[in-house]
Amino acid sequence: MLSSLKTYWDRLRAGRVAPYRAEIDPRQFESALENMFIVEKLAPDNMRIRLAGMKICEMMGMEVRGMQPGYLIDETDRVRFDRLLTVVMGEPAVVELQLEAQGPGGGYRASMLLMPLRSDFGEINRVLGCTSGDGDMFAAPLAFSIRDVAITPIEPNQSADAKQLLPGFAEDQIEFAPAAPEPPKLRAIEGNPNAPATPRDATRKFRVIDGK
């Protein structure tokens, strides 16, 4: 499950540092949805679980949406976990954790994958996470401790990032047609301006339209 999700995320980013949140298509990994969660950084010291699948909530024994991400981990490792989330968004990097929880039913082991996501404005302030356990037999709530950590820095393709337009801000190019020539200005002239002066009543008045 984690390997398939990582392959999808890597293909979606297409050489960039991270894909956009809006680019994620849940239909591409339906089998992993109940094990997934998204963490959002609201401020430098404020992160919240924005979305959480049903399996994640079952492992924790409660609804975790809106809660601090540290509640996914045992209290002794929460500060470490928050730092790892910061690494995912700040480096950025892909982080893989090996977890273990002790409960009435014995030990339960799981793996967690953490990958960065961009907001619609291009800022990397979200983490796409997924937890896969040994099976469905566990006694909730599970208090996971971190047994092992693997951090893989992301090497971006600079040209790929440069060519990427921000979703929602790309505008169609407008083709400008050349301005139409202005119509000739017309002015009215009383009489013939080049004719010699004559008595006013000796000539008939007429209007000349000058195209200049």
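Above this note sits the structure.
Cut-offs used in this document
Residues numbered from 1 in each chain as written. Predicted model: local features only at pLDDT ≥ 70, side-chain atom pairs only at ≥ 80, totals over all residues. Heavy atoms only, no water. 1 Å grid on protein atoms, 1.4 Å probe; cavity = no way out; pocket = protein on both sides within 12 Å on 5 of 7 lines; lining within 4 Å. Points joined across faces, edges and corners; volume = space filled by probe spheres on them. Nonpolar A, V, L, I, M, F, W, Y, C, P; charged D, E, K, R; others polar. Core = buried A, V, L, I, M, F, W, Y, C linked by side-chain atoms within 4.5 Å. Buried < 20%, exposed > 50% of the residue type's maximum accessible area, 1.4 Å probe, protein only. Helix = DSSP H or I, 4+ residues; strand = E, 2+ residues; numbered from the N terminus. Expected span 1.5 Å × (residues − 1). Contact = heavy atoms within 4.5 Å. Salt bridge = Lys/Arg side-chain N within 4 Å of Asp/Glu carboxyl O.

1. Points about empty space enclosed by the protein
Over the atoms rolls a probe the size of a water molecule, and in doing so it shows where empty space is left. This model, assessed by the stated rule, comprises one cavity of 30 Å³ or more. By volume, the largest cavity amounts to about 40 Å³. Residue classes in the lining of the largest cavity are distributed as seven nonpolar, one polar and no charged.

2. Quick look at the nonpolar core
Membership of the largest hydrophobic core comes to 32 residues, with the highest contact counts inside it found for L97, L114 and F144. Considering each element in turn, this core owes the most residues, five residues, to helix 3 (residues 78–90).

3. Quick notes on unusual backbone geometry
Look at the link from E91 to P92: it is a cis peptide, with omega at -10°. Locating P92 in the fold gives a position in the loop between helix 3 and strand 3 (93–103). Between A140 and P141 the backbone carries a cis peptide bond, its omega angle lying at 0°. Relative to the helices and strands, P141 is located in the loop between strand 5 (124–133) and strand 6 (145–153).

4. Some words on helix 1 (residues 2–13)
Since there are 3.6 residues in each turn of an α-helix, residues three or four apart along the chain are aligned in direction. Helix length check: helix 1, at 12 residues, gives a terminal C-alpha distance of 17 Å against a target of 16 Å (1.5 Å per residue), a fit within 8%. Residues of helix 1 that are buried make contact with strand 1 (36–43), strand 3, strand 4 (106–118) and strand 5.

5. Overview of the pattern of salt bridges
Counted by the stated rule, this structure contains 12 salt bridges. Residue E96 is joined to K6 by a salt bridge in which the shortest nitrogen-to-oxygen separation is 3.5 Å. Here E96, found in strand 3, pairs with K6, found in helix 1; they are 90 residues apart in sequence, far enough to count as distant. Judged by relative accessible area, which is 31%, E96 ranks as partly exposed. A salt bridge links R21 to D120; the nearest nitrogen and oxygen atoms lie 2.9 Å apart. Separated by 99 residues along the polypeptide, R21 in the loop between helix 1 and strand 1 and D120 in the loop between strand 4 and strand 5 bring together distant segments of the chain. You can call R21 partly exposed: its relative accessible area is 31%. A residue is classified by how much of its surface remains accessible, and D120, at 28% relative accessible area, is partly exposed. Connected via shared salt-bridge partners are E40, R50 and R126.

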